[in-house]
Amino acid sequence: MKKLFTCSFLISFLVSGLASISAEQAKEDFSSLPPAEAAKKIIESNDLDKDGKLSKKEVNKSFRLRRFKTVDTNKDGLLDEAELETSYSNAAKYTQQASNQSSGK
């Protein structure tokens, strides 16, 4: 159960805590979307300079301090769709595995 909570928190943090979002954007819930679609929507919603990537300036401080380096797998200082999709997908898989374990499957 603890793993399930941790995984759910991770996905929630990744999706909703990623960027410095407006109140309107905060209403959007990307957690029910497939990873590729969620990654695309997150970038579309928060890419202020419209370069197709998220810079450290385009994500909130909490995410920048805790997760940016982990998600930025190519270490270019930017988060692209592929990196967000991979991170989101991995978190979703981990959540599913934890859920299966907690339910005895």
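Residues numbered from 1 in each chain as written. Predicted model: local features only at pLDDT ≥ 70, side-chain atom pairs only at ≥ 80, totals over all residues. Heavy atoms only, no water.

Quick word on the overall build of the protein
Along the backbone of the protein there are 6 helices and 2 strands. Listed N to C, the secondary structure of the protein is α-α-α-β-α-α-β-α in terms of helices and strands. Within the protein, counting contacts between residues at least 6 apart in sequence, those at least 24 apart form 59% of the total. Of the accessible surface of the protein, which amounts to about 6,600 Å², a share of 54% is contributed by carbon and sulfur atoms. (Helix = DSSP H or I, 4+ residues; strand = E, 2+ residues; numbered from the N terminus. Contact = heavy atoms within 4.5 Å. Areas by Shrake-Rupley, 256 points an atom, 1.4 Å probe, with all protein chains shown as cover.)

Concerning the environment of Lys-69
You can see Lys-69 is positioned in helix 5 (residues 68–71). Separated by 10 residues in the primary sequence, Lys-69 and Leu-79 place their C-alpha atoms 9.4 Å from one another.

A word on the pattern of salt bridges
Taken as a whole and assessed by the stated rule, the structure comprises 1 salt bridge. A salt bridge links Asp-76 to Lys-53, with the shortest nitrogen-to-oxygen separation between them at 4.0 Å. Remark: Lys-53 occurs in the loop between helix 3 (35–46) and strand 1 (54–55) and Asp-76 occurs in the loop between helix 5 and strand 2 (78–79); sequence separation between them is 23 residues. Look at Lys-53 and you get partly exposed, because its relative accessible area is 27%. (Salt bridge = Lys/Arg side-chain N within 4 Å of Asp/Glu carboxyl O. Buried < 20%, exposed > 50% of the residue type's maximum accessible area, 1.4 Å probe, protein only.)

Some remarks on helix 6 (residues 81–102)
The α-helix advances 3.6 residues per turn, and as a result positions three or four apart in sequence lie on the same side. In this model, helix 6 (22 residues) spans 31 Å end to end at C-alpha, consistent with the 32 Å of a helix rising 1.5 Å per residue. Among all positions in helix 6, only Glu-83, Leu-84, Ser-87, Tyr-88, Ser-89, Ala-91, Thr-95 and Ala-98 are buried. The backbone nitrogen of Ala-82 lies 3.1 Å from a side-chain oxygen of the residue at the head of helix 6, namely Asp-80. (Expected span 1.5 Å × (residues − 1). Polar contact = N/O pair within 3.5 Å; in protein donor to acceptor, adjacent residues only side chain to side chain.)

Concerning the confidence of the model for the protein
When pLDDT is averaged along the protein, the result is 78; 71% of the residues meet or exceed 70. When mean pLDDT is compared element by element in the protein, strand 2 scores highest at 96, while helix 2 (residues 23–26) scores lowest at 44. Confidence drops under pLDDT 50 across residues 19–27; counting only partners more than four residues distant or on other chains, this segment forms 14 contacts. (pLDDT = per-residue confidence, 0-100.)

Observations concerning unusual backbone geometry
A positive phi angle, near 55 degrees, is found at Lys-50, a position not held by glycine. Relative to the assigned elements, Lys-50 resides in the loop between helix 3 and strand 1. A residue is classified by how much of its surface remains accessible, and Lys-50, at 62% relative accessible area, is exposed. Here the phi dihedral of Lys-75 falls at roughly 55 degrees; this positive angle occurs in a residue that is not glycine. By secondary structure assignment, the location of Lys-75 is in the loop between helix 5 and strand 2.

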